[in-house]
Amino acid sequence: MGSVADIIRSHHTEIIRRWTEEANRTASARGLGGPEFRNIMPTYLTSLADMHETPGTGISDQQKYVESHVSARLRQGFHVAEVVEEFALLGRCITRMWSSAPLDQQPDVQDVERLFTELHAASTAVTDLFSRHLLEDEQTEKRYLRLLQQVASEALVSDGATLRDRLKEVLELILEAMGAQSVALLLYEPASQTLVTAASAGAADEEFEHYAATLDPVSFPGTVAAGGEETSTLPDARTTTLTVSSALRNSGIHSVLGVRLPPHHALMGVLYVGISDIREFTSREKTRLQSLGQHLSIHLDNAKLYADLKEKIEDLKAERHLRERFVSVLAHDLRGPLAAAKMSAQMLMRFPEKLDERRDLALRIDRNIERTDQMVRDLLDANRIRAGERLPLRIDECDLGGIAGEVVEELNTLHADRFVLKTADRVRGFWSAEELRRALWNLGGNAFKYGAADQPITFTVSRADAGARVSVHNTGPVIPRVEQENIFRPFTRTRSAQEGPARGWGLGLTLVWGCAQAHGGRVVVTSEATTGTTFTLELPWDARPLQSSAR
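Residues numbered from 1 in each chain as written. Predicted model: local features only at pLDDT ≥ 70, side-chain atom pairs only at ≥ 80, totals over all residues. Heavy atoms only, no water.

This part takes up the overall build of the protein. Looking only at helices and strands, the protein features 20 helices and 12 strands. Taking all 551 residues of the protein together, the buried fraction comes to 43%. Taking all contacts inside the protein whose residues are at least 6 apart in sequence as the whole, residues at least 24 apart take part in 70%. Only carbon and sulfur atoms are counted for the fraction: they give 52% of the accessible area of the protein, which is about 29000 Å². (Helix = DSSP H or I, 4+ residues; strand = E, 2+ residues; numbered from the N terminus. Buried < 20%, exposed > 50% of the residue type's maximum accessible area, 1.4 Å probe, protein only. Contact = heavy atoms within 4.5 Å. Areas by Shrake-Rupley, 256 points an atom, 1.4 Å probe, with all protein chains shown as cover.)

A separate point is the sheet that holds strand β10 (residues 467-474). Spatially, 5 strands are ordered β7-β9-β10-β12-β11 in an open sheet, and the strand pairing comes out mixed. Each edge of the open sheet carries a strand with a single partner, namely β7 (419-423) and β11 (522-528). The sheet shows a mean angle of 15° between the axes of neighbouring strands, taken without regard to direction. Relative to strand β12 (residues 532-540), β11 runs antiparallel, the two sharing 7 bridges. Paired with Glu-528 across the two strands is Gly-532, which belongs to β12. Running at roughly 170° to β7, helix α15 (residues 400-415) makes contact with β7, β9 (457-463), β10 and β12 of the sheet. Helix α16 (residues 433-450) contacts β7, β9, β10 and β12 of the sheet and is inclined by roughly 25° relative to β10. (Pairing = 2+ DSSP bridges. Axes fitted to C-alpha atoms, helices over the stretch in contact; angles between N-to-C directions.)

Attention now moves to the packing of α16 against helix α19 (residues 508-518). α19 packs onto α16 with a crossing angle of 145° between their chain directions and a minimal axis gap of 9 Å. Here the hand of the crossing between α16 and α19 comes out left-handed. Two secondary-structure elements touch here, α16 through Glu-435, Leu-436, Arg-438, Ala-439, Asn-442, Leu-443 and Asn-446 and α19 through Gly-508, Leu-509, Leu-511, Val-512 and Cys-515. Considering only residue class, the contact of α16 with α19 consists of 7 nonpolar, 3 polar and 2 charged. (Left-handed = near helix turned anticlockwise from the far one by under 90°. Nonpolar A, V, L, I, M, F, W, Y, C, P; charged D, E, K, R; others polar.)

Low-confidence regions, as indicated by low pLDDT, have predicted coordinates that should not be scrutinised in detail. On average, residues of the protein score 76 in pLDDT, and 66% of them reach the 70 mark or higher. Element-level mean pLDDT values for the protein span from 51 in helix α18 (residues 495-499) up to 95 in β9. (pLDDT = per-residue confidence, 0-100.)

What follows deals with the packing of aromatic side chains. Under the criterion given, the structure shown has 3 aromatic pairs. Just above the ring of Phe-430 sits the side chain of Arg-544; from NZ or CZ to the centre is 3.6 Å. (Phe/Tyr/Trp six-rings, centres within 6.5 Å; stacked < 30°, edge-to-face > 60°. Lys NZ or Arg CZ within 6 Å of the ring centre and 35° of its normal.)

Here it is, written out as C-alpha cells:
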C-alpha cells in the first residue's frame, strides 16, 4: 500500500510542474516569472510529505509556509479566491499521481483524508490571513487619511509656505501610504487646461515632475485625465509606446499607477505613483490611491477657497482704503478751490457796483471752478478705470507733435523753460486730443516733481511701424522695478514720492494708463540709474475701431 508521503516525494517535480501550468491558467499570474510564481509552494509540498510520514511534526513550519505564500500573493495582487484555488489545485495534482496506479499502490482512505484535511486547513488559514490583512489595511488607510487631513490643515493656515512646498509635504505622505518610490501631482484649470502647478516627491522626482507637466493625449498623464476617475496603469515606463522622456525611462521607475482627481470647484488634477518593480497594481492599491486622491481633492478645494477668501478680504481692505482716500480727497483738496470761489463770489455780491473793477475776482472764480471740475473728472475717470471700463473718447484727426508742443509750452510757462520737445514731422492719427493732452500733462508734471531739479525734461514724438510714440524722459531717482508693477494703480505712489515734499493723489499715472488703454495702445516705463526714467505712450494710428467695438 502506497502512502501520500512517498507519492509526493517520488513525483515532487511533476506535481509542481502541473500545478504551475494550471495555476497560471487559472489566475492572471500578474506577469510573474516561473520561479517567482511558484514562490514557496515546492517547500510547502515537501512539508506535506514530512507531516504524513511523521504525523504531528512540522505543523509550525507548514503554517509559516502558508503565511509566506499568502504574504507574497498579497503583494502581487492576488484575490483570496485565487489563493484558495491554488491549494485546492495542489490537492488535485497530488491525487492524479496515484489515480491510474494499481489499487495496492494507492494510499488508504485515512491517509487521503488527512491530506485534504491539511489542505482545507491551509485554505482556512488563507481566508483568515486575508481577512486580517484587509482589517489592518483598512486601519492603515484610515491612519493615512487622518494624517493627510492633519498635514493639509496645517499647510492651509501656513502663510509662509508656497503651494508647491505644501503639496510636496502631502505627496511625501502619499508616497509612504502607497509604498511607492515616486509620486507626482499635476493641477490645471479644467476649462483651459492651463497648468497651475506640478509637484513631485521620491526617487527621480525631477523627471517625474517634468513628465507631470503635460496633458498631451499620447502621454500617460493625458490618458489618466481622459480616463475619468478610474485608475490607469503604465506597465513599464521603460518600454511603453506612450510619450516618455529618456530621463524617466532610465530613472529606475517602471510601473506607474495614476488617477484623475475628481473636480469639485476650480481645479482638476492628475495624481500618480511609480514603483521600481514591473508588475500589476493590486485592486487594494488602486482603491487606496483613489481614496487618497479624493481626500486630496477636497483639501485642495479647501485651500483654493481659503486663498480666494484671503484675496477677497485683501480686496475689501484695499476697497476700504480707497474709499477713505476718496473721502479725504473730497474733504481736503476740493475744499480749497471751492472756498476760494465762494469767497470771491461773496465779495462780488457785497459790492455789485464795482463788478467792472473786480474782474480779477470773476477770473479767480472761474479758475477755481475749472480746477474743481478737473479734480472731479480725474476722480470719476480713475474710478472708471479701476472698475475695468474704458474711458470714453471724442476722437478726431489730430497732430501728436502739436499736442505735445502745447503741453510743453504751458509747462514751460509754469516752470521756467525746463521742458524740451523733439518731434518728427506729421505724426498724425485719429485720437482724442483732450485725453492725450491730460496724459502728457500728467507725465510732464510727474517728471518735474520727482526728477532732478537741474536737468531738462524731454518730450519725444516719433513714428513707429504700428503707430506713434510719445515719451517723457527725466533724470533723477530711479523707480524700483518692484514698484513699477503697481505704479499705474489708482492712489498708488512710489515710496520716494511718499517720502518727498511733492503732494499728489496718485491718480496721474492711472489716467495715463487709462488713456493708452482707451486708444488701444499701452504705456511702458523704464527706469535705470545710468539712463534715467522714461514713460512711453504707444498709440495705434487709428483708435476709432476700438471705440466702436466698446460701444
